[in-house]
Structure formats: structure tokens, C-alpha cells
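This is what each chain is made of:
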Amino acid sequence: MTKASEVENAYKVAQARYAEIGVDTEAMLAKLAKIKLSVHCWQGDDIHGFVNPEQELTGGIGVSGDYPGMARTPDQLTGDLSEALSLIPGSHKVALHTLYAVTNQKKDFDEIGPEDFKYWVDWAKEAGVGLDMNPTFFSHPMVKHNFTLASPEKDVRDFWIKVGQQSRAIANYFGEELGQQSVNNFWIPDGFKDNPIDKLNPRLRLVESLDKIFAKSYDEKNTIEAVEGKLFGTGIESYTVGSHLFYNNYAISRGKLWTIDAGHWHPTEDVSDKFSAFLPFGKGLMLHVSRPVRWDSDHVVIFDDALIRIMRSLVRDQELDRTNIGLDFFDATINRVAAWVIGARATQKALLQALLTPIDDLKEAELNYDFTKRLAVTEELKSYPFGAVWDEFCLRNDVPVGTDWLANIREYEQKVQFPRDQK
């Protein structure tokens, strides 16, 4: 068990070291405390949901592993989320999908509305969290030949348009009830496995469908939409209707947020370079933090170079105010609650390390062509004691320091999670 006095003493040393280069650690801790992550609910139950939990996953989505203790009911899932949030410093949000509705009667995706998320709103109020929304365009018989909103069949498009419209009403309900803006993120799996003849008309149909979904106006105080592209997916390797460029243009032309998922790009691309290229023209960003070991494999986020570059870009270019940071991964080979904690804390660590930088001083050096200082300082910063500042942040937020939180997980899985599989 890490002693508070040891953490505080280490922090004082780190505080002095950073002060020498003009970094106020207290100010940076205050900034970090204001950054909310959107924690994705689907890590807790392998994307089964509660509307059609027996439906096979479709849309290029798959989860590996069979670690015991998966959540199967709303109370189990919110219990697991509460446990995870108790081990993550700060106040955050939870992202939901249509298929996580808690209904009193059997409903199809296009029938699910705000009334079916009262359970979640009540829980969110008690837990002190906000809620984000994602309409579910997968795992349903109306995904015909890998198409939804861009389908050549009008009845298919109409079904999914209604799903999208309902999700906006749900997100608006979240905003009204919780007093926090709900980001409503749109991703669809549409595309072709092999080379298509017609690449234009599917995209024209998608534009028309999205425009119909977004026709009704909602107060952005309550909700705002984001559109998410993809390089390709399983079953649509040759042509993705909702490509990155398509949604980049749609977001700019329609005043929507553009969602950048770290796993949806070619592995050799640096997604952090995209932010500053889009934001001079776009409304803002929704960021899905994931870890693509090969491509879009949605591994649990870790404190790696890619994550560090992403958070550096957001901090150095002062893009945090226009960026919503969400998590998006699912791993059933490890404890599902631990996965949330590992991913969220890694994201916060990367943010903190980026904040603990004499940015103005380095920008001035760069402006004056002092590239020697730029390189020297950024290299030295890599070994500065930001870990001691992180431990202090955890201590002040009353969450376990270091690996102490793992003991909480071990106790929780023995008392709460593992018994679920014995019933």
C-alpha cells in the first residue's frame, strides 16, 4: 500500500523540478481535473446490450476472449461501471448505444426512444456522470448485405434513418436531464467486400439519409452530433461508403463534429496530425481513443507513443476545448473492469505529461528558429518526474495510487463478477 506521505514528498520534489523550467504543476493538475473522458459502456459486456443480447455481432465487430464475470444485466453493467469510475480520478461521462436501452417491452431499434433510457439517466444522476450516445447500426437483421443508411433499398434506409432520429431524441433527453452536452456519434458499417462499379451513388444516398436524420434542430446545449469514418472493415475491405474524407467534408459542410478513431487509420499514419489540419475549418472533434495493434483491433489503450502524440497535439495546439475525448476498445481476455481502469488512467497520464511542458517557451524558441533548444528540452522532458505528479493527482482524487487499484479489482471479481457465472 503506497503511503500518502511518500506520494506527497515525491510530488514536492517533482513540483520544484518542473518549476525550474516554468511549469506550474498545481495549475496543470487543475486543468487535468476538468477534462472529462467518455467511458464506453460496451467494454463491460462485449457489446451484447439488452435489446437483442443473443444477436450475433455484425458490422465487422468482434470481441476476443472469455474472461469470467461478464455483465449480463443493467444492474451488473452499471455496477461494473461504478467500480471502474471509483478507480479513475476525476469526473467523467459514459457512452451508450441504442442496444443498451432498458425497456419494459420488446422493441426494435427504430422504436427505442428516450423513455427507454430512464434507467441510465437515473443511474447517471446518482453516479454524478454525463451520458453520450451512439445509434446502433450493426447487429441487426436490417443490416442488408453490409448496408444501412447507404442501402439501395428504401425500406432499409428508412428503418435506419428512424434509428438515427430516435438516437438524437435520446441524446437531447440526456442533455436536458443531466445538464451536460451529450455527444451523439454516428458510425455505419456500409461498404463492399470487392471492387464496386458505382462508388458515387452509395455516398449520395448516405448524404441524403444523414440530412434527413439531422433535419430536426436540437439545442446544442443538450446535444451535438459527430460523424465517424473508417479506412475499411471486415467484409468491406474494398470500399467504405463513410470514408474519412467523406465525413471530413460532411462535418465541415453540415457543422458537425468529426470523429477520429485512433484505430480507423492505416497503421503507418499518425492520427494526431489530423487535428490541426481539420480544426481551422471544422466545428470540433470527437476522439475515440483505441489501440490498433494491427488495424482496428480495439486493444485496451496503454501509455504508448501513439497515445502520447495524440495528447501532445491536443495540448500543444490548445485543442482540448474543441475536442471530446472518448474511449473505444473491448477486450474479453482480461478483467473487463480493469480494462476500463487501465485505458482511462493511461489516457489521463498522457494528458498530464503533455500538460507538464513549457509550451509557450518552446513555441517562442521554435518561432525564433532555436531548434537546438526545442530538441534539447523536449528530450529532457521525457525523463522528468511526471509520475510523481500523477500519483499526487490520484491521491487528491481519492483513488488508489500506482498498482494499488488492482487489489480492488481482485476483491470485486471474487465477490461480484465471478459468482455471475455460477448461476
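Because the structure is predicted, anything quoted here is derived from the model rather than measured.

Conventions adopted
Residues numbered from 1 in each chain as written. Predicted model: local features only at pLDDT ≥ 70, side-chain atom pairs only at ≥ 80, totals over all residues. Heavy atoms only, no water. Axes fitted to C-alpha atoms, helices over the stretch in contact; angles between N-to-C directions. Helix = DSSP H or I, 4+ residues; strand = E, 2+ residues; numbered from the N terminus. Parallel < 35°, antiparallel > 145°, perpendicular 65-115°, else oblique. Left-handed = near helix turned anticlockwise from the far one by under 90°. Contact = heavy atoms within 4.5 Å. Nonpolar A, V, L, I, M, F, W, Y, C, P; charged D, E, K, R; others polar. Phe/Tyr/Trp six-rings, centres within 6.5 Å; stacked < 30°, edge-to-face > 60°. Buried < 20%, exposed > 50% of the residue type's maximum accessible area, 1.4 Å probe, protein only. Expected span 1.5 Å × (residues − 1). Pairing = 2+ DSSP bridges. 1 Å grid on protein atoms, 1.4 Å probe; cavity = no way out; pocket = protein on both sides within 12 Å on 5 of 7 lines; lining within 4 Å. Points joined across faces, edges and corners; volume = space filled by probe spheres on them. UniProt positions renumbered as here; feature names shortened; annotations may be inferred. Arc of directions from axis to C-beta.

## Re the packing of helix α3 (residues 74-85) against helix α4 (residues 118-127)
Each pair of packed helices can be described by the angle between their axes along with the distance between the axes.
(1) Moving on: At a closest axis distance of 12 Å, the pairing of α3 and α4 adopts a crossing angle of 25°. One element, α3, and the other, α4, form an angle in the roughly parallel class. Of the two possible hands of crossing, α3 and α4 adopt the one that is right-handed. The residues of α4 that touch α3, namely those facing Pro74, Asp75, Leu77, Thr78, Leu81, Ser82 and Leu85, are Tyr119, Trp120 and Trp123.
(2) Moving on: Considered class by class, the residues forming the contact of α3 with α4 number seven nonpolar, two polar and one charged.

## As for the packing of aromatic side chains
(1) Moving on: In the structure shown here, the tally under the stated rule is 24 aromatic pairs.
(2) Moving on: Geometrically, the ring pair formed by phenylalanine 137 and tryptophan 160 is tilted, given 5.5 Å between the ring centres and 45° between the ring planes. Of the two residues, phenylalanine 137 sits in the loop between β3 (130-134) and α5 (154-178) while tryptophan 160 sits in helix α5, which places them 23 residues apart along the sequence. For the residue pair phenylalanine 137 and tryptophan 160, the accessibility class agrees, reading buried in each case.
(3) Moving on: Judged by centre distance (5.9 Å) and plane angle (40°), the ring pair of tryptophan 390 and phenylalanine 393 falls under tilted. Pair noted here: tryptophan 390 and phenylalanine 393 are both in helix α13 (residues 386-396), with a separation of three residues, about one helical turn.

## Concerning the packing of helix α10 (residues 336-355) against α13
(1) Moving on: Running from N to C, α10 and α13 point in directions that differ by 125°, and their axes come no closer than 10 Å. Taken together, the axis directions place α10 and α13 in an arrangement best described as oblique. Handedness of the α10/α13 crossing: right-handed. Residues Arg345, Gln348, Lys349, Leu352 and Gln353 of α10 pack against Phe386, Val389, Trp390, Phe393 and Cys394 of α13.

## Quick notes on helix α9 (residues 305-316)
(1) Moving on: Across its twelve residues, α9 extends 16 Å between first and last C-alpha, which sits within 8% of the 16 Å expected from 1.5 Å per residue.
(2) Moving on: Buried residues of α9: Leu307, Ile308, Ile310, Met311, Ser313, Leu314 and Val315, and no others.
(3) Moving on: The secondary structure elements touched by the buried residues of α9 are α8 (272-278), β9 (285-289), β10 (323-327), α10 and α11 (359-367).
(4) Moving on: Once α9 ends, the next one or two residues include glutamine 318, with phi positive near 55°.

## Describing the pairing of strand β4 (residues 182-186)
(1) Moving on: Burial analysis of β4 places five of its five residues in the buried class, the great majority of the element.
(2) Moving on: Side chains Ser182, Asn184 and Phe186 of β4 all project onto a buried face; the interleaved residues Val183 and Asn185 project onto the opposite face, where all are buried too.
(3) Moving on: Bridging between β4 and strand β6 (residues 223-228) involves five bridges; their strand directions are parallel. Directly across from serine 182, in β6, lies its bridge partner threonine 223.

## Points about empty space enclosed by the protein
(1) Moving on: Inspection of the entire model under this criterion finds three cavities of 30 Å³ or more.
(2) Moving on: By volume, the largest cavity amounts to about 60 Å³.
(3) Moving on: Together, 13 residues line the largest cavity, and Ser38, Ala95, Asn134, Met286 and His288 are the ones closest to its centre.
(4) Moving on: At the level of secondary structure, the elements contributing two or more residues to the lining of the largest cavity comprise β1 (37-40), β3, β4, β9 and β10.
(5) Moving on: Looking at the lining of the largest cavity residue by residue, the classes come out as six nonpolar, six polar and one charged.

## Observations concerning the UniProt feature "binding site: Mn(2+)" (unreviewed entry) in the protein
(1) Moving on: Per the UniProt annotation, the sites labelled "binding site: Mn(2+)" (unreviewed entry) are His264, Asp296 and Asp298. A stretch of 35 residues holds the annotated residues, and the largest C-alpha distance among them is 9.6 Å, short enough that they meet in one place. Here, the second largest pocket is lined by His264, Asp296 and Asp298 out of the annotated residues.
(2) Moving on: Examined against the element boundaries, histidine 264 turns out to sit in the loop between β8 (257-261) and α8.
(3) Moving on: Leaving out residues up to four positions away in the same chain, histidine 264 has contacts with Trp187, Glu228, Gly229, Lys230, Leu231, His244, Trp295 and Asp296.
(4) Moving on: Relative to the assigned elements, aspartate 296 resides in the loop between β9 and α9.
(5) Moving on: Owing to a relative accessible area of 12%, aspartate 296 belongs among the buried residues under this scheme.
(6) Moving on: Other than its neighbours up to four places away in sequence, aspartate 296 contacts Lys230, Gly263 and His264.

## Remarks on helix α1 (residues 4-20)
(1) Moving on: Along its 17 residues, α1 runs 25 Å from first to last C-alpha, staying within 8% of the 24 Å computed at 1.5 Å per residue.
(2) Moving on: Residues of α1 that are buried: Val7, Tyr11, Ala14 and Tyr18. Down the axis of α1, the smallest arc covering the buried residues is 70°, so these residues share one side. For α1, the exposed residues set more than 90 degrees away from the buried face come down to Lys12, Val13 and Glu20.

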